[in-house]
Each structure stands twice: as structure tokens, then as C-alpha cells.
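Given next are the chains, with one letter for each unit.
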Amino acid sequence: MSKKEEKVEETKKEASTKKTDTKAKTDSLDDLVEDAYQSVMEESVKETKGDKNADKEEKVEAKEKKTEKPKKLSKKEQKELDEATRQAKIKALEEAALSTRSDIDVLAQDDAMEIPISDLPGVGPATTLKLKDAGLTSIRGIALSSVKELVDNADLGDKTAAKLIKLCQEQVGLTFSTADTLYTERLALDRITTGSDNLDELFGDGIETESITELFGEFRTGKTQIAHQLCVTVQLPKERGGLGANAAYIDTEGTFRPERIVEMAERFGLDPKQVLQNITVGRAYTSDHQVNLAKEIATLARGKNIRLVVVDSLTSHFRAEYIGRGTLASRQQNLNQHIHFLLKLAEMHHVAVLVTNQVMSRPDFFFGDPTAPVGGNIVAHSCTTRVYLRKSKQTKRVARIVDSPNLPEVETVFEILSDGIHDG
Ligand SMILES: Nc1ncnc2c1ncn2[C@@H]1O[C@H](COP(=O)(O)OP(=O)(O)OP(=O)(O)O)[C@@H](O)[C@H]1O
Ligand SMILES: [Mg+2]
């Protein structure tokens with residue numbers, strides 16, 4: 001049995017133990033409700049009686065004892081009793097829910113989330129686990145999902161998925177807002193310095209959180225180097241342009257180099273050992289693996305204070321695995337889903353997502369640049385900011401914004417040195 005399979009088995013076992021516990025709690029909950037019901041019945045009958053004339057009460061009681069028939073309540077009394085019973089049941093249910101909550105939360109590992117999924121009515125431990133496996137660990141994440149995503153990834157039925165999404169959208173208040181609110185929110189967006197003033201200016205004061213930034217260009221143009229440097233600069237305190245936070249790196253090409261991180265950390269006067277510890281690296285061997293790692297990061301982001309997620313490169317596996325025209329549609333579909341998940345991850349956890357992308361040559365192209373980023377329209381339309389990198393003299397490189405909703409199409413020069421990225 002592989003390590004992963006062992007882990008799955010272990011989780012299943014834990015889940016079933018928790019289920020048994022929860023069942024026991026539910027059984028005792030029934031007793032609790034029954035007790036509460038009995039005591040409320042008695043109290044309520046007493047209270048109702050207290051309002052009446054004592055003699056009459058005694059007479060009625062004596063008569064009751066004689067005939068040993070239960071007292072018939074008036075309509076008003078019955079109504080009061082029903083209401084008291086209802087309240088007692090609600091109270092008992094609430095108490096029981098509170099006592100089982102901690103178990104469900106442990107299962108979901110969503111302790112760091114703002115609103116636990118298990119808070120939602122109708123979402124039990126099994127659904128919570130399914131959602132977690134799909135990388136959905138917060139109500140906001142579900143609110144941003146489509147029905148198809150929940151059906152495909154979390155194995156839910158159409159109706160359940162639609163109901164759950166609607167509920168989550170109501171919970172997080174996903175509705176219209178005025179432009180001034182959006183403006184204030186955008187001004188408050190955190191940004192991460194690249195360590196080069198030129199690049200920072202190009203990106204509009206560093207790379208933006210809650211969106212995807214794509215670096216594309218030929219080999220050796222500095223995509224991986226910039227990605228490494230951002231893993232270091234995100235750890236800088238806010239006053240130095242960082243976020244005092246950590247990074248996650250999905251390495252699809254085996255080009256992550258801790259020694260480069262050490263060199264860059266020293267340049268910024270940070271403790272290299274600590275900086276390395278703050279970067280979670282996952283080597284992705286296939287596109288499916290890459291997709292799963294992204295989901296795993298979604299579950300880790302809050303707990304590990306991850307504010308930068310790098311996917312280097314976004315497209316290489318998809319490009320290598322789906323060969324031939326016949327596979328194009330499914331490649332684009334899977335890539336599309338992956339990018340949308342990354343965007344959701346960015347918004348869900350307020351992280352900056354940085355992806356790299358290669359270019360391919362266009363044999364049918366005669367004028368201008370005969371290269372184009374891989375992934376076509378899918379990548380082009382989904383990445384918020386796209387930056388094209390090209391080689392210049394020796395260590396110098398040119399970066400150009402090619403697609404941004406708010407930045408002008410300008411160019412700047414940077415340089416790759418032994419301690420990282422500098423102004424060119
Ligand atoms: N320690 C170092 N000192 C100086 N320059 C370095 C160092 N390590 C790498 N470089 C430079 O970085 C460049 C490679 O950049 P990078 O690895 O970011 O390329 P890339 O755009 O990711 O390419 P690919 O598409 O092949 O992944 C090379 O020109 C190399 O000379
Ligand atoms: Mg690279």
C-alpha cells in the first residue's frame with residue numbers, strides 16, 4: 001500500500017470513528033430532547049395551573065386523581081405548551097450541535113476558516129470531507145463554485161450542489177455592490193514587491209493578491225527566477241514591500257532550486273533557513289497531480305499563512321500529455337478548470353497566484369513576434385495580468401505588460417544576477 005493510500009485508509013478509519021462518536025452523541029441527543037420535553041411539559045402544566053384559582057386547581061387535581069384521566073388542556077394552554085416544547089427542543093438541539101461541532105471541525109480541518117462549512121444546515125461530516133477533497137474548505141469557496149464543479153469534483157448531486165451554492169452565496173453576501181465599495185476594496189488589496197523597482201512599477205506597485213499574474217516567454221528569460229524571488233520577498237515585512245507571509249510552489253519541471261532561495265534570502269538580510277522553511281514545495285509529475293496539489297494548497301493556505309502560490313509552469317504537463325488535435329478540447333477544458341480553481345484560490349484566501357508559461361512558435365506567422373503563449377484563449381482570458389519576458393543583452397531581460405485590466409502596455413528592463421532579480 002502506498003503512503004497516500006495508507007493516509008486515505010487512516011482518514012477513513014478516523015472518519016468512521018468520529019461518525020460512531022457523532023452517532024452516540026446523536027442518540028444521547030434524542031434522550032436530551034426527550035428529557036427536555038418531559039421537564040418542559042411538567043413545568044408548563046404547573047405554570048398554566050399557577051395562573052388559575054388554587055381551589056379550582058385542587059379540585060381539578062383531585063378529580064384527576066380520582067378518575068386518573070389526563071387533564072385536558074384548553075386551547076390556549078395547549079398552544080403555550082407547544083411553544084415551550086418547541087423552544088426546549090431547539091435549545092437541546094443547539095446544545096447537542098455545539099458538542100458535536102468540535103468533532104466535525106477536526107474532520108474538516110477547517111479550523112482556520114472564517115466560517116466553518118460544518119455550520120451549514122444539511123452539511124454532515126461526509127459532505128464536508130468530499131468538499132475538502134475538492135479543495136473547498138470555506139463557505140466563500142463554495143459560493144464561488146459552479147454546480148458542475150461541485151458535481152464533478154465533490155461528487156454531489158445536481159440539486160444538492162445548487163442548493164449548497166445558493167446557501168453559501170447568501171451567507172457571504174455575494175451580490176451587487178457599488179463601484180465606490182469596489183474601489184475601496186481594490187485600494188486595500190495587498191501587493192508583493194518583486195525586489196526590482198522597475199518591475200514593481202510595471203506591475204503597479206508589486207504583484208497583486210486575489211488575482212493571477214502570468215509570466216510568459218522563451219526559455220531562460222527569467223520566469224523561474226522571478227518566481228523564486230517572490231517566494232522570498234513575500235516573507236519581508238509590510239514596510240519593506242512584503243506581506244510577512246509564506247509561499248507555496250508547484251514545480252512541474254523540476255527547476256525549483258533551494259540554493260537560489262538561500263542566495264536571494266541573504267541579499268534581503270533574511271535568515272535563509274527560516275525562509276526555506278516558509279516555502280511549501282510540491283513537485284507535480286502529471287497534470288492531474290498538479291491539479292490535486294493546487295487543491296491541497298487551498299486546504300493549507302490559511303493555516304500556513306500562505307499568501308503567494310506559484311505554478312511553474314502552468315502549461316507544460318497539459319501540453320505534453322494532450323498530443324494531437326483530437327485531444328485539444330479536453331486539454332483546454334481541464335486547463336480551464338485548473339485556472340479557474342487557481343483564481344478561486346486567490347480570491348478565497350487573499351493570495352497572489354503567479355503562473356509561468358512557455359511560448360510556442362507559430363509557423364503561420366510572418367510579421368512581428370512569431371511566438372505565442374501556450375494555452376491559447378483559455379489562459380489569455382483567465383489570467384488577470386500577463387507579462388511577456390524576452391532576452392536582451394547578457395543578463396538583461398525586458399518585461400512588457402501585454403494584457404491587464406488596469407495597467408498600460410509598457411516595457412521595463414531587469415537583470416538576473418547571482419543574488420536575484422535587480423533593475424536593469
Ligand atoms: N546563480 C545564478 N546567477 C546568475 N544568473 C543565474 C543564476 N541562476 C540562473 N541564472 C540565470 O537565469 C536565467 C534562467 O532563468 P529562468 O530559470 O528563470 O528561465 P525560465 O524563463 O524559467 O526558462 P524556462 O522556460 O526554461 O523554464 C539564465 O539566463 C541563467 O543564467
Ligand atoms: Mg523556468
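First, a word on what this report is: a plain description of the structure on this page. (Residues numbered from 1 in each chain as written. Chains lettered and ligands numbered in written order. Predicted model: local features only at pLDDT ≥ 70, side-chain atom pairs only at ≥ 80, totals over all residues.)

### Looking at the site of ligand 1
And step 1. Lining the immediate environment of ligand 1, one finds 13 residues, of which Phe 219, Lys 223, Thr 224, Gln 225 and Ser 418 sit closest.
And step 2. Of all elements in the fold, only α10 (223-233) and β12 (411-417) reach the threshold of two or more residues within the shell around ligand 1.
And step 3. At three residues, α10 tops the list of elements feeding residues into the shell around ligand 1.
And step 4. For the shell around ligand 1, a count of residues per class yields three nonpolar, eight polar and two charged. (Near = placed C-beta within 6 Å. Helix = DSSP H or I, 4+ residues; strand = E, 2+ residues; numbered from the N terminus. Nonpolar A, V, L, I, M, F, W, Y, C, P; charged D, E, K, R; others polar.)

### Re the nonpolar core
And step 1. Residues Cys 231, Leu 308, Val 309, Val 310, Leu 345, Val 353 and Leu 354 are the most contacted members of the largest nonpolar core, which totals 77 residues.
And step 2. Looking at which domains feed residues into this core, each of domain 1 (89-188) and domain 2 (190-423) supplies at least three.
And step 3. If we ignore the near neighbours within four places in the chain, the residues touching Leu 345 are Ala 294, Ile 297, Ala 298, Val 309, Val 351 and Val 353. (Core = buried A, V, L, I, M, F, W, Y, C linked by C-beta atoms within 7 Å. Buried ≥ 20, exposed ≤ 12 C-beta atoms within 10 Å, placed from the backbone. Domains from an automatic or database assignment. Contact = placed C-beta atoms within 7 Å.)

### Details of the environment of Thr 412
And step 1. Counting through the fold element by element, Thr 412 comes out in strand β12.
And step 2. Expressed as a C-alpha distance, the spacing of Thr 412 and Arg 400, which sit 12 residues apart in the sequence, is 6.5 Å.
And step 3. Setting aside residues no more than four positions away along its own chain, Thr 412 makes contact with Asn 198, Leu 199, Glu 201, Leu 202 and Ala 399.

### Some points on the packing of helix α13 (residues 287-300) against helix α15 (residues 328-349)
And step 1. It is at 10 Å that the axes of α13 and α15 come closest, and there the two elements cross at 15°. Relative to α15, the element α13 lies roughly parallel. α15 is crossed by α13, and the crossing has left-handed handedness. Counted together, Ser 287, Val 291, Ala 294, Ile 297 and Ala 298 of α13 and Asn 334, His 338, Phe 341, Leu 342, Leu 345 and Met 348 of α15 form the full contact between these two elements.
And step 2. Its residues placed into classes, the contact of α13 with α15 shows eight nonpolar, three polar and no charged. (Axes fitted to C-alpha atoms, helices over the stretch in contact; angles between N-to-C directions. Parallel < 35°, antiparallel > 145°, perpendicular 65-115°, else oblique. Left-handed = near helix turned anticlockwise from the far one by under 90°.)

### Re the environment of Asp 403
And step 1. Here Asp 403 shows up in strand β11 (residues 396-403).
And step 2. Along the backbone, Asp 403 and His 381 are 22 residues apart, and their C-alpha atoms lie at a distance of 9.1 Å.
And step 3. Excluding anything up to four places from it in sequence, Asp 403 contacts Ala 380 and Arg 386.

### Here we look at helix α6 (residues 147-154)
And step 1. Those residues of α6 lying buried are Glu 149, Leu 150 and Ala 154. Down the axis of α6, the sector holding all buried residues measures 95°, keeping them to one side.
And step 2. Where the residues of α6 are buried, they touch α4 (125-133) and α7 (158-171).
And step 3. Positive phi appears at Asp 155, one or two residues downstream of α6, with a value of about 60°. (Arc of directions from axis to C-beta.)

### Digging into the sheet that holds strand β7 (residues 352-357)
And step 1. Here we have nine strands laid out as an open sheet, ordered β5-β4-β6-β7-β3-β10-β11-β12-β13, and mixed in their pairing. The open sheet has two edge strands, β5 (279-283) and β13 (420-423), and neither has a second partner. Between one strand axis and the next, the sheet turns by 25° as a mean value, whatever way the strands run.
And step 2. Inspection of the sheet shows strand β4 (residues 246-251) paired to β5 by five bridges, in the parallel sense. Paired with Tyr 249 across the bridge in β5 is Val 281.
And step 3. Contacting β3 (211-217), β4, β5, β6 (306-312), β7, β10 (385-391), β12 and β13, α10 crosses the sheet at an angle of about 165° to β6.
And step 4. Across the sheet, α13 touches β4, β5 and β6, and the angle it forms with β4 is around 170°. (Pairing = 2+ DSSP bridges.)

### Considerations on α7
And step 1. Between its terminal C-alpha atoms α7 stretches 20 Å, which fits the 20 Å expected from 14 residues at 1.5 Å a residue.
And step 2. If you follow the buried residues of α7, they end up packed against α5 (139-143) and α6. (Expected span 1.5 Å × (residues − 1).)

### Things to note about the packing of α6 against α7
And step 1. Look at α6 against α7: their axes get within 9 Å of each other, and the N-to-C directions meet at 125°. One element, α6, and the other, α7, form an angle in the oblique class. Here the hand of the crossing between α6 and α7 comes out right-handed. From α6, Val 147, Leu 150 and Val 151 reach across to α7, where they touch Asp 158, Ala 161, Ala 162, Leu 164 and Ile 165.
And step 2. Its residues placed into classes, the contact of α6 with α7 shows seven nonpolar, no polar and one charged.

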